[in-house]
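Okay, here's what each chain looks like letter by letter:
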Amino acid sequence: MEVGHLFFDYYDNLKEVDLRFLSGTNLKEPYFDKWLDAYPDPYPQRYRKNIPYNFVKQNGTLLMTIKDGEVIHPKVLNKEPLINVD
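Residues numbered from 1 in each chain as written. Predicted model: local features only at pLDDT ≥ 70, side-chain atom pairs only at ≥ 80, totals over all residues. Heavy atoms only, no water.

Moving on, we get to the pairing of strand β1 (residues 5–11). Where β1 meets strand β2 (residues 16–22), 7 bridges bridge the pair, whose relative direction is antiparallel. In the strand pairing of β2, Tyr10 is matched with Val17. Where β1 hands over to β2, the hairpin turn is made up of 4 residues, of which Asp12 adopts a positive phi near 45°. (Pairing = 2+ DSSP bridges. Helix = DSSP H or I, 4+ residues; strand = E, 2+ residues; numbered from the N terminus.)

In structure tokens:
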């Protein structure tokens with residue numbers, strides 16, 4: 001609940017991929033608090049829940065979009081390599 005969370009979504013067999021960020025505090029009230037109330041004691045098995053895609057898309061910060069293997073968001077200003085490999 002205190003860490004940031006990254007969410008990937010993809011389309012067309014990974015030809016387009018979005019990466020979004022949501023802080024744990026933004027997820028605490030609508031999801032984590034409710035899940036914690038229902039958390040089994042003792043913990044018998046894996047407890048896995050989902051954050052709905054629409055919530056992530058509406059509330060998350062889009063960090064990056066990759067389309068056909070190229071970063072299209074944020075705009076890449078310089079396509080020069082960062083390291084000279086010669």
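Evaluation of the coordinates by the stated rule reveals 3 aromatic pairs. Measuring from centroid to centroid gives 5.1 Å for Tyr31 and Phe55, while their planes differ by 80°, and the two rings are edge-to-face. Taken together, the residues span a long stretch of sequence, with Tyr31 in helix α1 (residues 24–37) and Phe55 in helix α2 (residues 53–59) at a distance of 24 residues. Classification of Tyr31 as buried rests on a relative accessible area of 15%. Judged by relative accessible area, Phe55 falls into the buried class, the value being 18%. Here a set of aromatic residues connected by ring pairs shows up, and it is made of Tyr31, Phe32, Trp35 and Phe55. (Phe/Tyr/Trp six-rings, centres within 6.5 Å; stacked < 30°, edge-to-face > 60°. Buried < 20%, exposed > 50% of the residue type's maximum accessible area, 1.4 Å probe, protein only.)

What follows covers unusual backbone geometry. Looking along the chain, the bond that leaves His73 and enters Pro74 is cis, with omega of 0°. For Pro74, the position within the fold is in the segment after β4 (70–73). Unusually for a residue other than glycine, Leu14 sits at a positive phi of about 70°. Mapped onto the fold, Leu14 is located in the loop between β1 and β2. Assessed through its relative accessible area of 55%, Leu14 is described here as exposed. A positive phi is found at Asp68, a non-glycine position, where the angle reads about 50°.

Structural measurements only, silent on function.
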